[in-house]
Amino acid sequence: MPVFRKGEVILFSRPYAFALYESFVDSTCSFCFRTQGDGHDFAPIECHSCKVYKYCSDECLRLDQMDHWLECQVAKRKLREFPSIEARMIYRACLRYMREKQTQQESAEYIFGHKRSIHAYLDHVDKISTERREAFYEIVDDALDLVSSIYAPDRELMFLMLNRIAINSHDVICPKNWSMGRAIYMAGSKVNHSCEIHDRFVQQFFGRNYAIMALKTVEINSVDDLSVPYLPLMMDVHARQKHLKDNYYFDCKCSRCLYELEHPTENLCPPDYIPQLVDALEEDEQEIEFNADYFTLCKNHLGNLSSVADYDYYKHRLLYNAMYVSFALNRCPEGIYFGLRALRAALSPMDCEHILVGLFNGMMSAGWSKPLHPKFADFVSVLRIGSDYFTTVRGPGNSIARDMLKQWFKVQYHIDALKGEKIEVSMPAALKRVGAA
Ligand SMILES: [Zn+2]
Ligand SMILES: [Zn+2]
Ligand SMILES: [Zn+2]
């Protein structure tokens, strides 16, 4: 009976193919996804040939050379438009697939005894709707157009790869909560979806690598004992059902979905207001300019949504962005206010993760970490949850965990003085609210 203790790695998986979003290409190593300003600065090395893609070391540059070849050829032409992330994923996956086929060295990963290779990916070619099929061929043909003069890839292979990528790939989340790219994992893609809210284990990204980490002692006997959400758990049941059906071709019948279909969640954002929010939240958060206008926009929307619960998916994202923009404008008390609301409404450890980092930094800047500060108790709560969480899932050497632990040792002596004070924030409370803890 395999038992995993708190902080142990249950599953580790390296990507078969991966690509950065355009906005990250300048600041992030295209091979290992190490990001500048992430506690481990590096002087980026350019790809010698295209001078567009960057690497953190000669080693990463060398290791990426073969998979990078097609995107490099495109980049060298300095086209006005950058190829889409799907196109680059297709290039990289096809190059690897062809190479491994030629050399008969097919890569594989193992997960609880199951071998996973490229052939194990789901593709559901038979279930694709006509519109989706057309949209996919459009992406494939655009990708082909860019390379047809130098390479003659198989259109059908590219189409099949795109299908696999669409169904099996993950957003790779950087420590700052942005999704910095996409990656398709062999072992990682074997893990099924569930909307269930729990605190037994959590998925994490280490650069471009994927892991599932135990948050407490758990017994995992097979891959069926593992599941991860393929979408944000705060989405309401109808949005989740639609998203899973459209993108992964299945009707989710998890216990949470069944319960919520019978018992509609109250106080959600009115459907006719959602388009405005989607606009404000942007598909690609990287494109948001966190300035005074954006701050006003967030506040106005939050004002209009005062009767909507903070756990509403859109409102929650708005709260998070309001926190972020407040800190960017040095309006710490407001940022903390929005952040604490977001933290209290969060459903899962994953939802709390980035809020905790924002709150920790914001509270430090606002002086809440000083024992005499009237809000010191709230700081300690955030610190207690944050340092435990990040030490567990990223290890004590991680830069966020290290910063938090350092503070923890600093304030430890003052914590006794807090006895009897009400500490309001806690992750288990967020979990209890939905009956998961
Ligand atoms: Zn690197
Ligand atoms: Zn290049
Ligand atoms: Zn479900």
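- By the naming in an unreviewed UniProt entry, the protein goes by Histone-lysine N-methyltransferase SMYD3-like and is assigned to Galendromus occidentalis.

### Concerning the overall build of the protein
Turning to step 1, where the next piece is worked out: Helix and strand counts for the protein come out as 14 helices and 14 strands.
Turning to step 2, where the next piece is worked out: A globule of 437 residues ought to have a C-alpha radius of gyration of about 22 Å, and the protein, at 23 Å, matches this closely.
Turning to step 3, where the next piece is worked out: Taking the principal axes of the C-alpha coordinates as reference, the protein spans close to 70 × 55 × 50 Å.
Turning to step 4, where the next piece is worked out: Classification of the 437 residues of the protein by burial places 37% in the buried group.
Turning to step 5, where the next piece is worked out: In the protein, of all internal contacts separated by at least 6 residues, the share reaching a separation of at least 24 is 65%.

### Focus: the environment of Met404
Turning to step 1, where the next piece is worked out: Take Met404: it is sitting in helix 13 (residues 399-415).
Turning to step 2, where the next piece is worked out: Put simply, Met404 and Ser107 are 297 residues apart on the chain and 39 Å apart in space, counted from C-alpha to C-alpha.

### Here we look at the domain arrangement of the protein
Turning to step 1, where the next piece is worked out: Once the domains are mapped, the protein shows domain 1 (3-230) and domain 2 (248-433).
Turning to step 2, where the next piece is worked out: Using only C-alpha atoms to locate each centre, domain 1 and domain 2 end up separated by 28 Å.
Turning to step 3, where the next piece is worked out: Residues that form the side of domain 1 that touches domain 2 fall into these classes: ten nonpolar, eight polar and four charged.

### Some thoughts on the packing of helix 8 (residues 292-304) against helix 9 (residues 313-328)
Turning to step 1, where the next piece is worked out: At their nearest, the axes of helix 8 and helix 9 sit 9 Å apart, and the two run at 145° to each other. Handedness of the crossing formed by helix 8 with helix 9: left-handed. The segment helix 8 lies against helix 9, with Tyr294, Phe295, Cys298, Lys299, His301 and Leu302 engaging Leu318, Asn321, Ala322, Val325 and Ser326.
Turning to step 2, where the next piece is worked out: Partitioning the contact of helix 8 with helix 9 into residue classes produces seven nonpolar, three polar and one charged.

### Things to note about the nonpolar core
Turning to step 1, where the next piece is worked out: Within the largest apolar cluster, 101 residues are counted, with the highest numbers of intra-cluster contacts made by Ile90, Ala93, Leu162, Leu356 and Leu359.
Turning to step 2, where the next piece is worked out: Counting residues per element, this core draws most heavily on helix 9, at ten residues.
Turning to step 3, where the next piece is worked out: A domain split of this core shows at least three residues from each of domain 1 (3-230) and domain 2 (248-433).
Turning to step 4, where the next piece is worked out: Apart from the residues lying within four places of it in its own chain, the contact partners of Ile90 are Val140, Ala143, Met158, Met161 and Leu162.

### Description of the sheet that holds strand 3 (residues 15-20)
Sheet strands pair by backbone hydrogen bonding; their relative direction is either parallel or antiparallel.
Turning to step 1, where the next piece is worked out: One open sheet accounts for three strands, arranged 3-9-8; its pairing is antiparallel. Strands at the two margins of the open sheet, each flanked by one partner only, are strand 3 and strand 8 (169-173). Averaged over all pairs of adjacent strands, the angle between strand axes in this sheet comes to 30°, irrespective of strand direction.
Turning to step 2, where the next piece is worked out: When strand 3 meets strand 9 (residues 179-185), the two strands line up antiparallel, connected through five bridges. Pairing of Ala19 across the sheet is with Arg182, part of strand 9.
Turning to step 3, where the next piece is worked out: Sheet contacts for helix 2 (residues 85-103): strand 3 and strand 9; angle to strand 3, the most-contacted strand, approximately 150°.

### Quick look at unusual backbone geometry
Turning to step 1, where the next piece is worked out: Here Asn267, not a glycine, exhibits a phi torsion of approximately 60°, which is positive.
Turning to step 2, where the next piece is worked out: Topologically, Asn267 is positioned in the loop between helix 6 (255-262) and helix 7 (274-281).
Turning to step 3, where the next piece is worked out: For Asn330, which is not glycine, the phi torsion reads 65° and is therefore positive.

### Things to note about the pairing of strand 12 (residues 209-214)
Each regular strand shows side chains that alternate between the opposite faces of the sheet.
Turning to step 1, where the next piece is worked out: Pairing analysis gives four bridges linking strand 2 (residues 9-13) to strand 12, with the strands arranged antiparallel. Considered in strand 12, the bridge of Phe12 is made with Ala211.
Turning to step 2, where the next piece is worked out: What sits between strand 11 (residues 201-206) and strand 12 in their antiparallel hairpin is a turn of two residues, with Gly207 showing a positive phi close to 60°.

### Looking at the environment of Glu353
Turning to step 1, where the next piece is worked out: Examined against the element boundaries, Glu353 turns out to sit in helix 11 (residues 349-365).
Turning to step 2, where the next piece is worked out: The exposure class assigned to Glu353 is buried, which follows from the 23 C-beta atoms found within 10 Å.
Turning to step 3, where the next piece is worked out: Separated by 36 residues in sequence, Glu353 and Tyr389 place their C-alpha atoms 8.1 Å apart.

### Regarding the sheet that holds strand 2
Turning to step 1, where the next piece is worked out: Spatial ordering of the open sheet is given by 2-12-11, a layout of three strands whose pairing is antiparallel. Bordering the open sheet on either side are strand 2 and strand 11, each of which pairs with just one other strand. On average, each strand axis in the sheet is inclined to that of its neighbour by 20°, with strand direction left out of account.
Turning to step 2, where the next piece is worked out: Sheet topology places strand 11 next to strand 12; six bridges connect them, and they run antiparallel. Across the sheet, the residue bridging to Phe201 is Ala214, located in strand 12.

### Focus on the confidence of the model for the protein
Turning to step 1, where the next piece is worked out: Residues at a pLDDT of 70 or more form 92% of the protein, whose mean pLDDT is 88.
Turning to step 2, where the next piece is worked out: This model gives residues 422-426 a pLDDT under 50, and the stretch forms 13 contacts once residues within four places in sequence are excluded.

### Thoughts on helix 12 (residues 376-394)
Turning to step 1, where the next piece is worked out: Spanning 19 residues, helix 12 covers 26 Å between terminal C-alpha atoms, matching the ideal 27 Å at 1.5 Å per step.
Turning to step 2, where the next piece is worked out: The buried fraction of helix 12 amounts to 16 of the 19 residues, a majority that puts the element mostly inside the structure.
Turning to step 3, where the next piece is worked out: Gly395 lies just past helix 12 and shows a positive phi near 90°.

Here is what the cut-offs are and how they apply
- Residues numbered from 1 in each chain as written.
- Chains lettered and ligands numbered in written order.
- Predicted model: local features only at pLDDT ≥ 70, side-chain atom pairs only at ≥ 80, totals over all residues.
- Helix = DSSP H or I, 4+ residues; strand = E, 2+ residues; numbered from the N terminus.
- Rg over C-alpha atoms; globule rule 2.2 N^0.38 Å.
- Buried ≥ 20, exposed ≤ 12 C-beta atoms within 10 Å, placed from the backbone.
- Contact = placed C-beta atoms within 7 Å.
- Domains from an automatic or database assignment.
- Nonpolar A, V, L, I, M, F, W, Y, C, P; charged D, E, K, R; others polar.
- Axes fitted to C-alpha atoms, helices over the stretch in contact; angles between N-to-C directions.
- Left-handed = near helix turned anticlockwise from the far one by under 90°.
- Core = buried A, V, L, I, M, F, W, Y, C linked by C-beta atoms within 7 Å.
- Pairing = 2+ DSSP bridges.
- pLDDT = per-residue confidence, 0-100.
- Expected span 1.5 Å × (residues − 1).

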